[in-house]
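Structural description and commentary
Given next are the chains, with one letter for each unit.
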Amino acid sequence: MKKQDMMPDLSVDRRLLDNLRQARLSFEEVDLQMEEIIAKLDELIRQQKLQHIKQKQKTS
């Protein structure tokens, strides 16, 4: 008895591909949000360093 090759169900393939695309878009969105948070934190750190330098200049 031969094992029959099954044809993949195209609707399942399309649904899985759509799910993968949605997951990729979600990851891209999260990545952009993280980049924005990192940029804000970098700016905050720069401001704190500048404030620290200015305070040291006043006390010198």
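Everything here concerns the structure above.
First, a word on what this report is: a plain description of the structure on this page.

Rules used throughout
- Residues numbered from 1 in each chain as written.
- Predicted model: local features only at pLDDT ≥ 70, side-chain atom pairs only at ≥ 80, totals over all residues.
- Heavy atoms only, no water.
- Helix = DSSP H or I, 4+ residues; strand = E, 2+ residues; numbered from the N terminus.
- Rg over C-alpha atoms; globule rule 2.2 N^0.38 Å.
- Buried < 20%, exposed > 50% of the residue type's maximum accessible area, 1.4 Å probe, protein only.
- Areas by Shrake-Rupley, 256 points an atom, 1.4 Å probe, with all protein chains shown as cover.
- Lys, Arg positive; Asp, Glu negative; His and termini not counted.
- Charge placed at Lys NZ, Arg CZ, Asp CG, Glu CD.
- Patch = residues over 30% accessible without salt bridge, like charges linked within 9 Å, V, L, I, M, F, W, Y side chains within 5 Å.
- Salt bridge = Lys/Arg side-chain N within 4 Å of Asp/Glu carboxyl O.
- Polar contact = N/O pair within 3.5 Å; in protein donor to acceptor, adjacent residues only side chain to side chain.

**Thoughts on the overall build of the chain**
Helices and strands together make up the secondary structure of the chain, namely 1 helix and 0 strands. In terms of overall dimensions, the chain is more spread out than a globule: its C-alpha atoms have a radius of gyration of 27 Å, far above the 10 Å expected for 60 residues. Each principal axis of the C-alpha atoms in the chain carries an extent, and together these give about 90 × 20 × 5 Å. Sorting the 60 residues of the chain into buried and exposed places 0% on the buried side. Summed over its atoms, the accessible surface of the chain is roughly 6,500 Å², and 59% of this surface lies on carbon and sulfur atoms. For the chain, the centre of its 12 positive side-chain charges and the centre of its 11 negative side-chain charges are spaced 7 Å apart.

**Here we look at a nonpolar patch on the surface**
A contiguous nonpolar surface patch, about 530 Å² in accessible area, is contributed by V30, M34, I37, I38, L41 and L44. Along the chain, V30 falls in helix α1 (residues 10–59).

**A word on the environment of Q57**
Within the secondary structure layout, Q57 lies in helix α1. Of the residues examined, Q57 reaches a relative accessible area of 57% and is grouped as exposed. In the structure, Q57 is positioned 37 residues away from L20 in sequence and 55 Å away in space, judged by C-alpha atoms.

**Considerations on the pattern of salt bridges**
Enumeration over the complete set of coordinates arrives at 4 salt bridges. For K40, the salt bridge goes to E36, with nearest N and O atoms at 3.4 Å. One end of the pair is K40 and the other is E36, both in helix α1 and 4 residues apart, which spans about a single turn. On the basis of relative accessible area, K40 is assigned to the exposed category, the value being 56%.

**Quick word on the environment of E43**
Note on placement: E43 falls in helix α1. Take E43: its relative accessible area is 34%, and that puts it in the partly exposed class. Considered as a pair, E43 and N19 are 24 residues apart in the sequence and their alpha carbons are 36 Å apart. Polar contacts involving the side chain of E43 include one to the side chain of R46, which spans 3.0 Å.

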